[in-house]
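Spelled out from the first residue to the last, the chains are:
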Amino acid sequence: MTSTDTISPNTATTAPAAETDTTKPARFPLMRRVLTSPKGIAGLILMLVIVAMAALAPILFPLGPWAMVGRPYIWPASGATLMGTDVLGRDMTAAMFWGAQISLLVGLVSAGISLVIGIAVGSAAGYYGGRVDAILMRFTDAVQTVPSFLFTIVIVAVAAPSIRTIVLAIALVSWPAVARLMRAEVLSVKKREFVQSCRIIGMTDLRIILSQVIPNSLSPVIVIASVLVATAIITEAGLAFLGLGDPNVMSWGTMINLGRPSIRTTWYIALIPGGFVIMTVLALNLLGDAINDAFNPHLRKR
């Protein structure tokens, strides 16, 4: 009896420890699914290359993208510069590295602003419903009726073309899709038991929305965030191609615009920055698909 009494407490204390150890590998399952996906790995590698270019630009090219390093129209790998020179003899390699900063800045900031606006509008419309929902959604429909790229051109053309204006213009035309997606999620989340419990204990609507509704509705919004960044990068390049970019910064779109007049003879000036734009958008789309697969259990079973 004595030996049994002394052994049983030891076994009781060791059992929970074994259960705890088995739960450790389950941490960060979403990140593990993304990193084990071929699309996620490929997208992450490409994005790391773009981020490294943006980070190393001031170190590798301290003179900036505007410095003239040789005669104009030096073809890639035929002189001192890896990617050749442009119409004014500027280093294309430096322009590509510094242009990565502008593209990432425009994409991330404009996507962040549009996410804030879309989440706020969609959460309020879905949570309160009724007249609030009708007013906000009709306003969202009104914004969506205008073609987004045309609306962006109008905003940038009316205001002075600058990075700030371009970022705000892209953000103002990108939030409706986020708002509609967020509204659909909030309509489902607000009916769940934990939200009803928060109302019963007297929590305010603002506190419920910020602490319960929004955190439990962000899964599809996280997926669409990569699409917003990619769309913003393409839009900025398109605006610069049309001559509506910021003349004080060197972006990939600016380089494409500079190479447009001589596209038949020195096509590399437009092709190289266009290739980097495609690579960045492809990386973001691959990451978005990997995140979508990680969130969707039906896709994970394929």
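Since we're looking at a predicted model, the values are computed, not measured.

From N to C terminus, the chain includes 13 helices and zero strands. Of the regular secondary structure in the chain, the N- to C-terminal order runs α-α-α-α-α-α-α-α-α-α-α-α-α. When burial is assessed residue by residue, the chain has 43% of its 302 residues classed as buried. Counting contacts in the chain only where the partners sit at least 6 residues apart, residues at least 24 apart contribute 72% of the total. Put simply, the chain shows about 16,100 Å² of open surface, and 69% of that area lies on carbon and sulfur atoms.

Counting 50 residues, the largest nonpolar core has Met96 and Phe276 as the members making the most contacts within it. If you tally residues by element for this core, the top one is helix α4 (residues 92-128), at twelve residues. Setting aside residues no more than four positions away along its own chain, Met96 makes contact with Met53, Met83, Trp252, Met255, Ile272, Pro273 and Phe276. Among the nonpolar cores identified, the runner-up in size contains 13 residues, and Ile102, Val167, Ile170 and Leu244 belong to it.

Turning our attention to the confidence of the model for the chain. Chain-level statistics for the chain give a pLDDT mean of 83 and a share of 87% at 70 or above. pLDDT under 50 marks residues 1-27. Its contacts with residues more than four places away, or in other chains, come to three contacts.

In this section: the layout of surface pockets. Taken as a whole, the largest pocket spans an internal volume of roughly 210 Å³. What lines the largest pocket is a set of 15 residues, and nearest its centre among them are Ser148, Val173, Ser174, Leu228 and Thr231. Contributing elements (two or more residues each) for the lining of the largest pocket: α6 (148-158), α7 (163-189) and α10 (219-241). The element contributing the most residues to the lining of the largest pocket is α10, with six residues. Here the residues of the lining of the largest pocket are counted per class, giving nine nonpolar, six polar and no charged. Taken as a whole, the second largest pocket encloses approximately 170 Å³ of empty space. If you go around the second largest pocket, you meet 13 residues; those closest to its centre are Leu108, Ala225, Ser226, Val229 and Leu284. Taken together, the elements giving at least two residues each to the lining of the second largest pocket come down to α4, α10 and α12 (268-295). If one sorts the elements of the lining of the second largest pocket by residue count, α4 sits on top with five residues. Looking at side-chain class alone, the lining of the second largest pocket contains eleven nonpolar, two polar and no charged residues.

What counts and how
- Residues numbered from 1 in each chain as written.
- Predicted model: local features only at pLDDT ≥ 70, side-chain atom pairs only at ≥ 80, totals over all residues.
- Heavy atoms only, no water.
- Helix = DSSP H or I, 4+ residues; strand = E, 2+ residues; numbered from the N terminus.
- Buried < 20%, exposed > 50% of the residue type's maximum accessible area, 1.4 Å probe, protein only.
- Contact = heavy atoms within 4.5 Å.
- Areas by Shrake-Rupley, 256 points an atom, 1.4 Å probe, with all protein chains shown as cover.
- Core = buried A, V, L, I, M, F, W, Y, C linked by side-chain atoms within 4.5 Å.
- pLDDT = per-residue confidence, 0-100.
- 1 Å grid on protein atoms, 1.4 Å probe; cavity = no way out; pocket = protein on both sides within 12 Å on 5 of 7 lines; lining within 4 Å.
- Points joined across faces, edges and corners; volume = space filled by probe spheres on them.
- Nonpolar A, V, L, I, M, F, W, Y, C, P; charged D, E, K, R; others polar.

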